[in-house]
Amino acid sequence: MSELADLLEDVVADADAVFLFSPSGSYYERFAEFDDSDVVVVATENDVDADAFVELPLEFTDLSGRVRFGIEGALGQGIVDEDAEVVCVADVFGGSPDTVVRVNTDEFSPSGVYDLFVDSRAEPAVIRDVLEVAVELGKKGQKGKPVGALFVVGDAGKVMNKSRPLSYNPFEKSHVHVGDPIVNVMLKEFSRLDGAFVISDAGKIVSAYRYLEPSAEGVDIPKGLGARHMAAGAITRDTNAVAIVLSESDGLVRAFKAGEIVLELDPEEY
Amino acid sequence: MQIDWPEVVRTVFSEKGAFVLALGILVLGAVMGYAVWRSTRRLLTEAGVDQAVEGTPFERTARGLGTSTIGLVANLAALFVYVGAVILALNVSQLFDTVVFWQRVTAFLPNLFVAIFALIVGLIAGDKARLVVSERLRSVKVPEVGLLPELVKYSIFYLAALVALGQLGVATEALLILLAAYSFGLVFLIGLAFKQLLAAAAAGLYLVLTQPYSIGDEVEIDDRRGIVQEVGMLVTHVESDGEEYVIPNQRVFDSGIVRVRE
């Protein structure tokens, strides 16, 4: 067994920082006494009152998504340097930590997923709620059939000026916010409408049925994605909004910021 | 007109009969006390009181003494019935001829019972309120905010003590004046501090209900022209060329709104 221990020692040798993913209180205590490396907690809530903490906006099921978000968050907050050896302790199968991953932050190209949540105009909770709606819609579809949807979140004033109504706005004079339980049902029902949903910085649903008309110049998204994704890429390039798209054809949820795809989720995994 | 019950009993029954009746009253009191104890326990448990008081210091102290809040209240109710029965029995049998003394005790007993009950309710309500308030303020990460839940707790304790003392007939005028000063100060200060917010909320209510302008419209408020980004209860966000104005809603009312239509 000593070879195994040696192997693990190679993985964790000279680590600058230890990332604990959703640790329990006692587990964190054991690490908190370390002096030679920083301990960063990555979780949906800071239950252990850690000093260095990165908040996960949603429960990433795949490890690489979680690690990516955690490291980008720590880089963004300046907890770790650009050139640091990071050891991540996470759980993949069930509740207890069972996986150790070593990442060099230097060899790591940020996808902007942390940026999407924290540095966007809209509040992180709003983006998270919209993502959850999109994921749920992707999972269940509309009456069993796959649907597509496009949510434009944040910078609503500008988005409204760069779009036109396709028909009467069902959310006219209403005051509903994403995250209210009833709204998820409403959005699901309205997802059969054509056009985009526009959601304000604070999460108010401003309009449905919007035809976006940004200038699509210079938008570079992977070939094969349809008009909905092109519109999402273009509107986020033209305004400070972010867009969350549920694809009708492949069922994936993609998030756009500044004209680029920053996050790709498979609803079936959540 | 006061009926002299012992005398009535004595004329209806014989001297011995009165004694037997007193014994009967004692037995009946014991049975009724037990019934009251049982039904109080049942009633409070059904109402979910045991879950509501779970974890409060009072409940913990009660548990430490080998009982619980429900047990204490039930015992108190039963005790009240027992003592009432004993006094009635003593009165009927006239073992003591101290009618005046017992009359005063009988008159005082319900007050004592209410006072103890008020104290128990106050202690539990105070702790519960402190928990609720601190739970609400959990996301506010300002150390000084920890003072607020304690303030709420002791305010409720103070009220409970005041009610209890008032029941017992202790002079509470000074405490009442203190309470009046305290609540006046609270209302006055809150009114003063929240004046602006209340005005903004009143204006915001109108804006939200009638929507004279909505997100995406170009407006001019208070010489600030731009596109409306957000209309909230308290403020309106207007943005132009990278500058975002956060305008309190009462300003929208004061200066009026110019809707710009090309």
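All figures in this text were calculated on a predicted structure; none of them were measured in a lab.

A. Looking closely at the overall build of chain B. For chain B, the helix and strand inventory stands at 10 helices and five strands. Looking at chain B as a whole, 21% of its 262 residues qualify as buried. Here the contacts in chain B between residues at least 6 apart in sequence split such that 61% fall between residues at least 24 apart.

B. Main features of the sheet that holds strand 2 (residues 224-231) of chain B. Residue and element names in this part refer to chain B. Reading across from one edge, 4-3-2-1-5 is the order of the five strands in this open sheet, with antiparallel pairing throughout. Pairing within the sheet leaves two strands with one partner each, and these edge strands are strand 4 (243-248) and strand 5 (257-259). Direction aside, neighbouring strands of the sheet carry axes that sit 40° apart on average. Bridge count for strand 3 (residues 235-240) against strand 4 is six bridges, and the pairing is antiparallel. Paired with Ser-240 across the two strands is Glu-243, which belongs to strand 4.

C. Geometry of the sheet that holds strand 7 (residues 163-165) of chain A. Residue and element names in this part refer to chain A. Strand order in this open sheet of seven strands is 7-9-8-6-10-11-12, and the pairing throughout is mixed. The sheet terminates laterally at strand 7 and strand 12 (260-265), the two strands that pair on one side only. Put simply, the sheet's adjacent strands are angled 35° from each other on average, direction ignored. As judged from the three bridges shared by strand 8 (residues 196-199) and strand 9 (residues 205-212), these two strands associate in the antiparallel manner. Across the sheet, residue Ala-196 finds its bridge partner in strand 9, namely Arg-210.

D. Summary view of the interface of chain A and chain B. Taken together, the contact between chain A and chain B spans 11 residues of the former and 10 residues of the latter. With five residues, helix 6 (residues 156-161) of chain A is the single largest residue contributor to the side of chain A that touches chain B. Of the residues belonging to the side of chain A that touches chain B, the class tally is four nonpolar, four polar and three charged.

E. Molecular detail of helix 8 (residues 173-193) of chain B. With 21 residues, helix 8 of chain B extends 30 Å between its outermost C-alpha atoms, agreeing within 8% with the 30 Å of an ideal straight helix rising 1.5 Å per residue. Within helix 8 of chain B, only zero of the 21 residues are buried, leaving the element largely exposed.

F. Structural detail: unusual backbone geometry. Despite not being glycine, Asp-14 of chain A has its phi angle at roughly 55°, a positive value. Examined against the element boundaries, Asp-14 of chain A turns out to sit in the loop between helix 1 (2-12) and strand 1 (17-21). Of note in the backbone geometry, Asp-222 of chain B takes a positive phi value of approximately 60° without being a glycine. Structurally, Asp-222 of chain B is set in the loop between strand 1 (218-221) and strand 2. Judged by local crowding, Asp-222 of chain B falls into the partly exposed class, with 16 C-beta atoms found within 10 Å.

G. Up close: the pairing of strand 2 of chain B. Residues and elements named next belong to chain B. Where burial is concerned, most of strand 2 is hidden: six out of the eight residues are buried. Of the pairings in the sheet, the one linking strand 1 to strand 2 comprises four bridges and is antiparallel in character. The partner of Val-219 across the bridge, within strand 2, is Gly-226. Turn length for the strand 1-strand 2 hairpin, with the two strands adjacent in sequence and antiparallel, is two residues, and the turn residue Asp-222 shows positive phi of about 60°. In this sheet, strand 3 lies alongside strand 2 in antiparallel orientation, the contact comprising four bridges. In the strand pairing of strand 3, Val-228 is matched with Val-238.

H. Spotlight on the nonpolar core. Residues and elements named next belong to chain A. Of all hydrophobic cores here, the largest spans 65 residues; its most connected members are Val-152 and Ile-199. For this core, the element with the most residues is helix 5 (residues 124-140), which contributes eight residues. With sequence-adjacent residues up to four places away left out, Ile-199 is seen in contact with Val-126, Val-130, Phe-151, Val-152, Val-153, Ala-156, Val-178, Lys-204, Ile-205 and Val-206.

I. Local environment of the environment of Glu-85 of chain A. All names here are of chain A. Along the chain, Glu-85 turns up in strand 4 (residues 85-90). The partly exposed category is assigned to Glu-85, around which 17 C-beta atoms lie within 10 Å. Considered as a pair, Glu-85 and Ala-13 are 72 residues apart in the sequence and their alpha carbons are 9.1 Å apart. Setting aside residues up to four positions removed in sequence, Glu-85 forms contacts with Asp-14, Ala-15, Asp-16, Arg-102 and Asn-104.

Thresholds, definitions, all that
In every chain, residue numbers begin from 1 and rise along the written sequence. Lettering of chains starts at A and numbering of ligands starts at 1, both following the order in which they are written. Restriction of local features to residues with pLDDT of at least 70 applies here, the model being predicted, together with a cutoff of 80 or more for giving and counting side-chain atom pairs; totals for whole chains, interfaces and linings are based on all residues. Helix numbers and strand numbers start at the N terminus; a helix is a DSSP run of H or I with at least 4 residues, a strand a run of E with at least 2. Whether a residue is buried, exposed or partly exposed follows from its count of other C-beta atoms within 10 Å of its own C-beta, namely 20 or more, 12 or fewer, or something in between, respectively; the C-beta atoms are built from the backbone. Residues are treated as contacting if the C-beta atoms built from their backbones sit within 7 Å of each other. Should DSSP find at least two bridges between two strands, the strands are regarded as paired. To define axes, lines are fitted to C-alpha atoms, for helices over the stretch in contact only, and angles between the resulting N-to-C directions are given on a 0 to 180 degree scale. Basically, the charged four are Asp, Glu, Lys and Arg, the nonpolar ten are Ala, Val, Leu, Ile, Met, Phe, Trp, Tyr, Cys and Pro, and anything else, Gly included, counts as polar. To estimate the expected span of a helix, subtract one from its residue number and multiply by 1.5 Å. A set of buried residues drawn from Ala, Val, Leu, Ile, Met, Phe, Trp, Tyr and Cys, joined through C-beta atoms within 7 Å, is what defines a nonpolar core.

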